[in-house]
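As a plain string of letters, each chain reads:
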Amino acid sequence: MKTNKSLLICLAFIALTACSAGSKKQTNRMENENRTLVKLETTMGNITVALYNETPKHRDNFIKLVKEGVYDSTLFHRVIKQFMIQAGDPDSKSASDTAMLGSGDVGYTIPAEFNPKFFHKRGVLAAARQGDDMNPEKASSGCQFYIVTGRKFTEPQLLGMENKMNEQREEAIFDSLARQHMKEIYKMRKAGDNAGLLELQDSLEAQARELADKEEKFRFTPEQIQAYSTIGGAPHLDGSYTIFGEVTEGMEVVNNIEIAKTNRADRPVENIRILKASIE
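Numbering of residues starts from 1 in each chain and follows the order in which that chain's sequence is written. Only residues with pLDDT of 70 or above have their local features reported here, since the model is predicted, and side-chain atom pairs are shown and tallied only from 80 upward, although totals for entire chains, interfaces and linings are computed over all residues. Where side-chain values are given, they derive from all heavy atoms of the structure, hydrogens and water being excluded.

**Details of helix α3 (residues 155–180)**
Next up, step 1: Helix and strand labels come from DSSP, where a helix needs a run of H or I of at least four residues and a strand needs a run of E of at least two; each type is numbered from the N terminus. Between the first and last residue of a helix there are one fewer steps than residues, each counted as 1.5 Å, and that sum is the expected span. The end-to-end C-alpha distance of α3 is 38 Å, a good match for the 38 Å that 26 residues give at a rise of 1.5 Å each.
Next up, step 2: Turning to α3, its buried residues are L158, M161, E162, M165, N166, I173, L177 and A178.
Next up, step 3: Residue contacts follow a heavy-atom distance rule, with two residues in contact if any of their heavy atoms lie within 4.5 Å. In this structure, the buried side of α3 is in contact with α4 (182–191), α5 (194–214) and α6 (222–230). The rule is simple: take the accessible area with a 1.4 Å probe, protein chains only, and divide by the maximum for that residue type; under 20% is buried, over 50% is exposed, in between is partly exposed.

This is how it looks when you write it as structure tokens:
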């Protein structure tokens, strides 16, 4: 009997692919089983999030706050369509309807835990923080968090975003160098030395370009491009905010919170409250 080699090769490839896919599913299942689950019972329904073990400082802090009841009765105080929903401000528990929220904290920050395998696709849980001017280390708020809703992007849009993010990285290096010369800059301004200021600016811009060129350029991975072009997200936040979990159940609740009517400060007009947070 003659053997059909092409058929055997095809069958072997299918078996290998199925085995690989099964192994990947099993790995993902094991990861999910080993992750701590937290249920957020809200006035609009329940949301369950899984905390990543790869970001242990954020995971342990979130578990600690949940057990202490810090999130119970807090509001989703900042909601932006096609972007994210934010909560965790302790001041929101008893805030009036006109109170400005978002600056409440627990008296400490968490060091950034950036992991390249996690990115701002729809449904991830991440830590809020103060801006780079006040927080160049990108340390996370000790309590405030957000869940990404985002939107879909085309590949050309993502390419343009890559270029913009690399430009912003060079600008950040320039700003850092400029801060190191603030006394010198102040003296030149006081003396009206515009020529000296321009010369220093040219020098710092050249240094910033040189330092930026030594760093690896930011590029979206194929996995990121696939996710951002299909389920969506907020790619411009990648590498700037710590992602430490993801929604496993209740994304429809997140969707409903996202479309809530808000005021000019992005606070929902009708309070949306976390009634209770608990470890599953």
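Back to the text.
**Re the pattern of salt bridges**
Next up, step 1: One side-chain nitrogen of Lys or Arg within 4 Å of one carboxyl oxygen of Asp or Glu is enough to make a salt bridge. Per the counting criterion, the structure on display carries eight salt bridges.
Next up, step 2: Of the charged contacts, one joins R129 and D132 as a salt bridge, the two residues approaching to 2.9 Å between their closest N and O atoms.
Next up, step 3: You can call D132 partly exposed: its relative accessible area is 35%.
Next up, step 4: Among the charged side chains, a salt-bridge network with shared partners connects R129, D132 and K138.

**A word on the pairing of strand β8 (residues 145–148)**
Next up, step 1: Covered by surrounding structure in β8 are F145 and I147 together with Y146 and V148, the residues of both alternating faces.
Next up, step 2: Where strand β4 (residues 84–87) and β8 come together, four bridges link them in antiparallel fashion. Across the sheet, residue M84 finds its bridge partner in β8, namely V148.
Next up, step 3: Inspection of the sheet shows strand β6 (residues 124–127) paired to β8 by three bridges, in the antiparallel sense. The partner of A127 across the bridge, within β8, is F145. When DSSP finds two or more bridges between a pair of strands, those strands are recorded as paired.

**Structural notes on the packing of α3 against α5**
Next up, step 1: Think of each axis as a best-fit line through the C-alpha atoms, taken over the contacting stretch in the case of a helix, with angles from 0 to 180 degrees between the N-to-C directions. Two elements in contact, α3 and α5, have axes separated by 9 Å at closest approach and are oriented at 130°. In terms of their interaxial angle, α3 and α5 are classed as oblique. Crossing of α3 over α5 shows right-handed handedness. Across from E170, I173, F174, L177 and A178 in α3, the residues of α5 making contact are Q201, L204, E205, Q207, A208, R209, L211 and A212. Comment on the angle field: the value is read as roughly parallel under 35 degrees, roughly antiparallel over 145, roughly perpendicular from 65 to 115, and oblique elsewhere. We call a crossing left-handed when the near helix sits turned anticlockwise from the far one by less than a right angle, and right-handed when that turn is clockwise.

**Describing a negative patch on the surface**
Next up, step 1: Within the patch definition used here, like charges are joined within 9 Å and nonpolar side chains (Val, Leu, Ile, Met, Phe, Trp, Tyr) within 5 Å, considering only residues with over 30% relative accessible area and no salt bridge. We get accessible surface area from the Shrake-Rupley algorithm with a probe of 1.4 Å; when it comes to residues, only the shown protein chains can shield them. In this charge count, Lys and Arg are treated as positive and Asp and Glu as negative; neither His nor the chain ends contribute. A charged residue contributes its charge at one atom only: NZ of Lys, CZ of Arg, CG of Asp or CD of Glu. Together, D133, E167, E171 and D175 give the surface a local cluster of negative charge.
Next up, step 2: Within the fold, D175 resides in helix α3.
Next up, step 3: Overall, the relative accessible area of 38% leaves D175 in the partly exposed class.

Everything listed here is a matter of coordinates, which is why it stays silent on function.
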